[in-house]
Amino acid sequence: MLAIHRSSINLRHVQHVRKAVLLTAILAGVALVVLGDSRWSGSNAIHEMIEWAGIAFLGVCILGRTWCSLYIGGRKVRSLVTLGPYSVSRNPLYFFSIVGAVGVGAQLGSMMLALAAGFVAWLVFYLVVLKEERVLAAKFGIRYRQYLAEVPRFLPRMSLWQDSDKVEARPSLMLRTFFDACVFLLSIPLAEGFEYLHEIGVLPVLVHLP
């Protein structure tokens, strides 16, 4: 019980660090959006295509994270989850969050910002996962090390898919994950608002992003 408690504390600390770093990255991104605009603004077709692709990524992020919570549902420390999305990726929740970050960056109509947002999210989650892996390896031992060796860290390998006829779900955690993921959608009205302020000259455009 003490080992489980210590693992829970360690993972909570890691998650606090992750949230702090992500918040810093988000604030930096907002500053870039406030002062920058897409170089495709004059080409509505390309600009709109990037934005709509970003919206699709946001949808995949929300649905994907909710789907993952059906399997993990508060069991990250209590048991080793290796079925469903966790059979093809060790960190599918983080994978879908990276997809969401790309979608957020695309709302400005900039491919560079979309890729940069995805890279920053990947880097943050990569550093977090390195710490999580040490905690989980100490908790689950050889079973987890075998899981590490067989299943990719982020990018799903669908040939590994395994599932079960029954899953113990916690609806409250699923709903919480769904609504947390919906925060990504705020990037849509925010980006549109900043674009409008750029158009009417209220905000200066100091950088044009490809």
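Since we're looking at a predicted model, the values are computed, not measured.

1. A look at the side chain of E51
At step 1: Following the sequence through the fold, E51 ends up in helix α2 (residues 44-72).
At step 2: According to the relative accessible area criterion, E51 is buried, its value standing at 5%.
At step 3: Those residues in contact with E51 that sit more than four places away from it in its chain are A106, Q107, L108, G109, E192 and E195.

2. Describing the layout of surface pockets
Once rolled over the atoms, a probe with the size of a water molecule shows which space is left empty.
At step 1: Here the second largest pocket defines a volume of roughly 200 Å³.
At step 2: Each residue belonging to the lining of the second largest pocket can be placed in one class, and the counts come to 5 nonpolar, 4 polar and 2 charged.

3. As for the packing of α2 against helix α3 (residues 92-106)
At step 1: Direction vectors running N to C along α2 and α3 enclose 160°, while the axes themselves pass 7 Å from each other. Comparing their axes, α3 and α2 come out roughly antiparallel. By crossing handedness, the relation of α2 to α3 is classed as left-handed. Within the contact between the two elements, α2 uses I50, E51, G54, F57, L58, V60, C61, G64, R65, W67, C68 and I72 and α3 uses P92, L93, F96, S97, V99, G100, V102, G103, V104 and A106.
At step 2: Looking at side-chain class alone, the contact of α2 with α3 contains 15 nonpolar, 5 polar and 2 charged residues.

4. Thoughts on the environment of V129
At step 1: Within the secondary structure layout, V129 lies in helix α4 (residues 111-140).
At step 2: You can call V129 buried: its relative accessible area is 1%.
At step 3: As for V129 and Y94, which are separated by 35 residues in sequence, their C-alpha atoms are 9.1 Å apart.
At step 4: The contacts of V129, once residues within four sequence positions are left out, are N91, Y94, R153 and F154.

Here is what the cut-offs are and how they apply
- Residues numbered from 1 in each chain as written.
- Predicted model: local features only at pLDDT ≥ 70, side-chain atom pairs only at ≥ 80, totals over all residues.
- Heavy atoms only, no water.
- Helix = DSSP H or I, 4+ residues; strand = E, 2+ residues; numbered from the N terminus.
- Buried < 20%, exposed > 50% of the residue type's maximum accessible area, 1.4 Å probe, protein only.
- Contact = heavy atoms within 4.5 Å.
- 1 Å grid on protein atoms, 1.4 Å probe; cavity = no way out; pocket = protein on both sides within 12 Å on 5 of 7 lines; lining within 4 Å.
- Points joined across faces, edges and corners; volume = space filled by probe spheres on them.
- Nonpolar A, V, L, I, M, F, W, Y, C, P; charged D, E, K, R; others polar.
- Axes fitted to C-alpha atoms, helices over the stretch in contact; angles between N-to-C directions.
- Parallel < 35°, antiparallel > 145°, perpendicular 65-115°, else oblique.
- Left-handed = near helix turned anticlockwise from the far one by under 90°.

Purely geometric numbers; function is a separate question.
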